[in-house]
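What follows is each chain in one-letter form.
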Amino acid sequence: MGDSKTEIKFSQLFINGSFVDSLSGNTFETLDPRTGEVIALVAEGGKEDIDLAVKAAREAFDHGKWPRMPGSERGKILMKFASLIEEHADEIAAIDTLDAGKLFYFGKFAQIPAIAGNVRYYAGAADKIHGETLKMSREFQAYTLKEPIGVVGAIIPWNFPSMMFSIKVSPALAVGCTVIVKPAEQSPLSALYYAHLAKLAGIPDGVLNVVPGFGPTAGAALASHMDVDKVTFTGSTEVGRKIMEASAKSNLKSITLELGGKSPVIIFDDADLDMAVELARLAIFFNKGEVCIAGSRVLVQEGIYDEFIKKCIEKSKEWKVGDPFDPTVNQGPQIDKTQYEKVLSYIELGKSEGAKLVSGGKACGDKGYYIEPTIFTDVKDDMRIAQEEIFGPVMSVMKFKTIDEAIERGNCSIYGLGAGVITKNIDTVNQMSRSLRVGVVWVNCYFAFDPDLPFGGYKMSGFGKDQGMDSIEGFVKKKTVATPLYNSPWL
Amino acid sequence: MAACGRRITSLLCRAPLKNLMSGTVLPARVNRFGTAATAVEEPPIRPDVKIDYNQILINGQFLDSASGKTFPTYDPRTEEVIAHVAEGDAEDIDRAVAAARQAFDNGPWRKMTAYERSRIINQCADIVEKHNDEIAMLETLDNGKTYEQASKIEIPTVVRILRYYAGWPDKIHGLVVPADGPHHVQIMHEAIGVAGQIIPWNFPLLMLAWKVGPALACGNTIVMKTAEQTPLSALYVAKLFHDAGLPPGVLNIVSGFGPTAGAALASHTDVDKVAFTGSTATGKIILELAAKSNLKQVTLELGGKSPFIVCEDADVDEAVELAHFALFFNQGQCCCAGSRTFVHESIYDEFVEKSKARALRRVVGDPFKTGVEQGPQIDDLQFKKILGCIKSGVESGATLETGGGRFGNKGFYVQPTIFSNVKDEMFIAKEEIFGPVQSILKFKDINEVIQRSNASRYGLAAGVFTQNIDTANTLSRSLRVGTVWVNCFDIFDAAIPFGGFKMSGQGREKGIDSLKNYLQVKSVVTSLKNPAWL
């Protein structure tokens, strides 16, 4: 298996094109969730390191060539970056498996190539940032310019260390911003590897900086920094609120927040039952349930409810938990002890709230943070397991009667990130698609992510979009220019 | 088939323009026009390039033409034959269209993801970049343009254009539009199908890139007819595209003549779209053939008589250099050449004097020689046509300031020529000369120059030279042309749409607008039951 030969080459901060120790000299441990053992000691960025990184990014933005070169030149460099990522897919996938318990073969053959594709998408977008010429009602000539917003802080989570790095950094770089990434303290290693590849690709010093560290120190310093023009954050709603507060209290920097969810998967009586079971299982157990848009509320129409549960239980038994380097395994360990204990405590809570535990419900293995795929049925809307984000492999199944009820209960959440709708009826599809107050609706599919598909939430799931051309809007400022016209033959 | 041209690239803003065009630094033994005619009498430089491909390319295979006929393609430096090329006619067009049809209707291309198509177009760009120099040699050999221009500007711009279009396939967005009633409306943009593309000889490979880029990005398949004067580079590059992963049948190339192969393509009932760059006279024929056959959609990029307007506040030296470039670039074989130089009366005499001096400094000679600014015209027909236009200029009373005849005694070289005191009604002020002949006209005020500039059946482009923002804005809005260059000329970035008003054509090439030429629009309207909102 790939783990024994994976050497950790980069564990320092990456600032202004160089790997450096933190100013304090402090380090922190990053752990292998399969064993709880230390993989590497990583330089711990603090406020003063963030200051240095911001200074480098500021200089690169204010005086460097990156924002001043044509978009096509940036695109060329990003294409090189994408090719380097693809060439190193094996090594990067192994790092994410070691650091975050992610499935190695999925990473190597699907996720990392998809990340290269994502970088290529924005490489191709770099020369397609269009302003507009405007129709004024008086004798004026006016137009808009979309200019790079400046220095961007990107604070990314541990559940998809590589994908989150790519979807934040690629559009920011494509438009000409400079970036400071703070990866999660649980999974800092792949971001440092990407920094190394970015330098090889020719991204100039200072344009991309990576400062591993903790939220309350490095993250807070970035969010409240007066020289940072934008913070894009993916993580919990609770931390999102802090980021927004920090912006308000500092320089009103613009922000994009991609936060939590409690996304419904709504299965109607006319659904293909096997497909429904397959999708519902994928929607909650994929990536150990550590997915912001996990389909964590499964609403099933009463006509197929019992049969759905029966099949779902059978299918969950086939879902293999184990070492993520094993190609036959479906689910690796949870990210760390804190999350592991949190998920187990939600399972206990579900039981005590009166939901019926029909499958799983326990930790598994003799070491590491493994949890069985768990299914609760007879879950009620007011239970905490139906309202709060568990972020683990815990499915909550609920019964509904009518489409109106499904809409109302589907929307009955502080979150609005995504939804799945499973039915063959076109009217049901259209009514559900327009009625659900969520950022993405997947019809007869789930996790249909794509570089061109904007992603982001309604309500307390956040604001702004990742991916697609929409995410470009988060990294530009629009400037309008107007000038009077004399003797124009038309307006 | 006559053709019309253009110059390409953002590389050519002012500084490189001076390096490339002004000839201020010349290696030894390069002769300026006016001082020596010996340059062209030296033996021509023999480029290190082989002609590997001279057949018709159908479904990824090089084939002889159905008739077995060939035609010669000439080196315009020497008037000698470079190669004999398979001559396509109606039967070959039929075969090529059948291959393109099959590739579109049943092949892998149509079912590829946008990302896969994007990867292939990028790989095509990479492979052209790798073979830059030999492609540029072929281009110079077949066309007579300078090797410096081909190798440093045109082929790199081909690469750039391809990369631009490689970025489009996964970003072609239709809209979802509101309905007045309970209806859900999605607008899909779908490939048109088989595109026929007919390209000219003045920028052979660039015209190929402008045409195939958007067609491929949108998922179409192509039958391309190249100009009979310059068939070589397209065959070479199309072969490279296949090496880079382009599936067979997606791009088919038929060399041949307009009245035979070109007409067959334009009137083919299995061709869904035809795009043509060339003369206005031929553009009319193409449009008629489309009308008489299957009403295929037509894009035309045709001739021009573009004004270059030098206002009284202009820096005369800069204006002279830019106006010189606007006209003489590519031997004057540009559809958007600044062929009517309007100069304000207050600086007219100085401008004419300095333009004459600049033309006398222009280095004419073997286009493979470093430092040469101007090679031969494309062929005997064009050469004689240009000399005829010059004669007409003299006869109509314009003042011949410099040039006016053949340069050297072999090859299709023409002296850089300048007429002053040109009047609007003269032939040389109205018709496209497509050669190194600058006509300088005098104007008094801005309203007059607007009116005179627009008094043309063409409307391709215009140059405006002024430091005054109000003058620039007034002219930009008043000129009925597809492109206005203010204090610059021939800026041809991939993202800038290009095309004409009036009889200069229909549709736009390059930029996001070019995608429209290769997409059908389909509206899908679905009845909604109980929608939450409309």
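Each value, and the rule that gives it
- Residues numbered from 1 in each chain as written.
- Chains lettered and ligands numbered in written order.
- Predicted model: local features only at pLDDT ≥ 70, side-chain atom pairs only at ≥ 80, totals over all residues.
- Heavy atoms only, no water.
- Helix = DSSP H or I, 4+ residues; strand = E, 2+ residues; numbered from the N terminus.
- Rg over C-alpha atoms; globule rule 2.2 N^0.38 Å.
- Contact = heavy atoms within 4.5 Å.
- Areas by Shrake-Rupley, 256 points an atom, 1.4 Å probe, with all protein chains shown as cover.
- Lys, Arg positive; Asp, Glu negative; His and termini not counted.
- Charge placed at Lys NZ, Arg CZ, Asp CG, Glu CD.
- UniProt positions renumbered as here; feature names shortened; annotations may be inferred.
- Buried area = accessible area lost by both parts, 1.4 Å probe.
- Salt bridge = Lys/Arg side-chain N within 4 Å of Asp/Glu carboxyl O.
- Polar contact = N/O pair within 3.5 Å; in protein donor to acceptor, adjacent residues only side chain to side chain.
- Nonpolar A, V, L, I, M, F, W, Y, C, P; charged D, E, K, R; others polar.
- Domains from an automatic or database assignment.
- Core = buried A, V, L, I, M, F, W, Y, C linked by side-chain atoms within 4.5 Å.
- Buried < 20%, exposed > 50% of the residue type's maximum accessible area, 1.4 Å probe, protein only.
- Phe/Tyr/Trp six-rings, centres within 6.5 Å; stacked < 30°, edge-to-face > 60°.
- Lys NZ or Arg CZ within 6 Å of the ring centre and 35° of its normal.
- Pairing = 2+ DSSP bridges.
- Axes fitted to C-alpha atoms, helices over the stretch in contact; angles between N-to-C directions.
- Patch = residues over 30% accessible without salt bridge, like charges linked within 9 Å, V, L, I, M, F, W, Y side chains within 5 Å.

Some points on the overall build of chain A
In terms of regular secondary structure, chain A is built from 15 helices and 24 strands. The C-alpha radius of gyration computed for chain A amounts to 23 Å, which stays within 12% of the reference 23 Å derived for 491 residues, consistent with globular compactness. With respect to the three principal axes, the spread of C-alpha positions in chain A is 75 × 60 × 40 Å. Residue pairs at least 24 apart in sequence account for 75% of intrachain contacts in chain A once pairs closer than 6 positions are excluded. Looking at chain A as shown, the accessible area adds up to about 18500 Å², and 53% of this sits on carbon and sulfur atoms. For chain A, the distance from the average site of its 54 positive side-chain charges to the average site of its 63 negative ones is 3 Å.

Description of the UniProt feature "domain: Aldehyde dehydrogenase" (unreviewed entry) in chain A
The residues that UniProt annotates with the feature "domain: Aldehyde dehydrogenase" (unreviewed entry) are residues 20-481 of chain A. Helix makes up 40% of residues 20-481 of chain A and strand 21%, with an end-to-end C-alpha separation of 43 Å.

Section: the interface of chain A and chain B
Between chain A and chain B, the contact holds 32 residues from the first and 31 residues from the second. When chain A packs against chain B, close to 2700 Å² is buried across both sides, 51% of that on carbon and sulfur atoms. Viewed at the interface, chain B and chain A are joined by 3 salt bridges. A salt bridge links R160 of chain B to D127 of chain A; its shortest N-O distance comes to 3.0 Å. Run the count over chain A and chain B and you get 12 residue pairs in polar contact (both at pLDDT 80 or more). For the side of chain A that touches chain B, the elements supplying multiple residues, two or more each, are α2 (71-87), α4 (104-125), β6 (140-148), α14 (426-435) and β24 (476-484) of chain A. Class assignment for the residues of the side of chain A that touches chain B results in 13 nonpolar, 11 polar and 8 charged.

Quick notes on the domain arrangement of chain A
Residue and element names in this part refer to chain A. Along its sequence, chain A is organised into domain 1 (13-259 + 461-478) and domain 2 (264-443). Computed from C-alpha coordinates alone, the two centres of domain 1 and domain 2 are separated by 31 Å. Listed as interface residues are 24 residues of domain 1 and, on the opposing side, 29 residues of domain 2. Of the roughly 2200 Å² buried at the junction of domain 1 and domain 2 (both faces included), carbon and sulfur atoms supply 63%. Area buried by domain 1 at its contact with domain 2 is led by R34, W158 and S461, which between them contribute 27% of it.

Topic: the nonpolar core
In terms of nonpolar packing, the biggest core is built from 104 residues, with F81, I85, F165, I203, I267, I293 and F308 of chain A touching the most fellow members. Mapping this core onto the domain boundaries places at least three of its residues in each of domain 1 (13-259 + 461-478) and domain 2 (264-443) of chain A. Discounting chain neighbours no more than four positions away, the residues touching F165 of chain A are F81, I156, S170, V181, A191, Y194, L208 and V210 of chain A. Of all hydrophobic cores here, the second largest spans 102 residues; its members include V49, V128, V310 and L460 of chain B.

A word on the environment of C292 of chain A
In this structure, C292 of chain A sits in the loop between α9 (273-285) and β13 (297-301). As for C292 of chain A and T234 of chain A, which are separated by 58 residues in sequence, their C-alpha atoms are 9.1 Å apart.

Description of the pattern of salt bridges
Applying the stated rule across the entire model yields 61 salt bridges over all chains. Between R101 of chain B and D272 of chain B there is a salt bridge, and its shortest N-O distance comes to 2.9 Å. Of this pair, R101 of chain B sits in helix α2 (residues 90-105) while D272 of chain B sits in the loop between α9 (258-266) and β10 (273-277), and the two are 171 residues apart along the sequence. By relative accessible area, which is 23% here, D272 of chain B ends up partly exposed. Across the pair K384 of chain B and D380 of chain B runs a salt bridge, and its minimum N-O distance is 2.7 Å. Here D380 of chain B and K384 of chain B lie together in helix α13 (residues 380-395), a separation of 4 residues that amounts to about one turn. Within this structure, E278, R281, K315 and E318 of chain A form a network of salt bridges that share partners.

Regarding the packing of aromatic side chains
Inspection of every chain in the model, using the stated rule, returns 40 aromatic pairs over all chains. Ring pairing ties together the aromatic residues F106, F160, F286, W442, Y446, F447, F449 and F455 of chain A, which thus form one cluster. The lysine or arginine in question, R110 of chain B, covers the ring of F104 of chain B, its NZ or CZ lying 5.9 Å from the ring centre. When the ring centre of W109 of chain B is taken as reference, the NZ or CZ atom of R117 of chain B above it lies at 5.9 Å.

Focus: the domain arrangement of chain B
Residue and element names in this part refer to chain B. On domain assignment, one finds that chain B holds domain 1 (52-302 + 507-519) and domain 2 (307-495). Once you take the C-alpha centre of each, domain 1 and domain 2 turn out to be 30 Å apart. Tallying the contact residues gives 31 residues for domain 1 and 34 residues for domain 2. Summed over both partners, the interface of domain 1 with domain 2 comes to about 2600 Å²; 60% of that surface belongs to carbon and sulfur atoms. Per-residue buried area on domain 1 facing domain 2 is highest for R77, E79 and W201; these three make up 23% of the total on that side. Across the contact surface, domain 1 and domain 2 share 2 salt bridges.

Digging into the UniProt feature "active site" (unreviewed entry) in chain B
According to UniProt, the positions carrying the feature "active site" (unreviewed entry) are E301 of chain B. Locating E301 of chain B in the fold gives a position in strand β11 (residues 297-301).

Examining unusual backbone geometry
All names here are of chain B. In this structure, F434 is a non-glycine residue whose phi angle is positive, near 60°. With respect to the secondary-structure elements, F434 resides in the loop between α14 (427-430) and β16 (437-443). Here the phi dihedral of D490 falls at roughly 55°; this positive angle occurs in a residue that is not glycine. Position of D490 relative to the elements: it lies in the loop between β19 (483-486) and β20 (501-502).

Digging into the UniProt feature "active site" (unreviewed entry) in chain A
Residue and element names in this part refer to chain A. The positions UniProt marks with the feature "active site" (unreviewed entry) are E258. Counting through the fold element by element, E258 comes out in strand β11 (residues 254-258). Residue classification places E258 among the buried residues on the basis of a relative accessible area of 1%. Filtering out sequence-adjacent residues up to four positions away, E258 remains in contact with K168, F233, T234, G235, C292, L417, F455, G456, S461 and D466.

A closer look at the UniProt feature "domain: Aldehyde dehydrogenase" (unreviewed entry) in chain B
Here the UniProt-annotated "domain: Aldehyde dehydrogenase" (unreviewed entry) positions come out as residues 63-524 of chain B. Between the end C-alpha atoms of residues 63-524 of chain B the distance is 43 Å, and the span holds 40% helix and 21% strand.

Here's the deal with the sheet that holds strand β21 (residues 440-443) of chain A
All names here are of chain A. Read from one edge to the other, the open sheet built from 7 strands follows the order β14-β17-β18-β13-β12-β20-β21, with strand pairing classed as mixed. Strands with a single pairing partner mark the edges of an open sheet, and in this sheet they are β14 (356-359) and β21. Between one strand axis and the next, the sheet turns through 25° on average, direction left out of account. Together, β12 (264-267), β13 and β18 (394-400) form the strand contacts of helix α13 (residues 403-410), whose direction differs from that of β18 by roughly 145°.

Side note on a negative patch on the surface
All names here are of chain B. Where like charges cluster on the molecular surface, the negative patch consists of D89, E91, D94 and D270. Mapped onto the secondary structure, D270 falls in the loop between α9 and β10. Take D270: its relative accessible area is 37%, and that puts it in the partly exposed class.

What to know about α14 of chain A
Each turn of an α-helix holds 3.6 residues, which means side chains three or four residues apart point in the same direction. Extensive coverage of α14 of chain A is indicated by the burial of 7 of its 10 residues. Among the residues of α14 of chain A, those classed as buried are T428, V429, N430, Q431, M432, R434 and S435 of chain A. Packed against the buried residues of α14 of chain A are β12, α13, β20 (418-422) and β21 of chain A together with β6 (183-191) and β22 (519-527) of chain B. Its side-chain oxygen 2.8 Å from the backbone nitrogen of D427 of chain A, N425 of chain A forms the N-cap of α14 of chain A.

Describing the side chain of Q333 of chain B
Residues and elements named next belong to chain B. One can find Q333 in the loop between α11 (316-328) and β13 (340-344). Classification of Q333 as buried rests on a relative accessible area of 0%. A polar contact of 2.9 Å, which involves the side chain of Q333, links it to the backbone nitrogen of I378.

Re the environment of E432 of chain B
Residues and elements named next belong to chain B. Along the chain, E432 falls in the loop between α14 and β16. Note on E432: relative accessible area 15%, which makes it buried. Distance from E432 to T280, taken between C-alpha atoms, is 9.9 Å for residues 152 residues apart in sequence. Among the polar contacts listed, one links the side chain of E432 to the backbone nitrogen of G304, at a separation of 3.2 Å.

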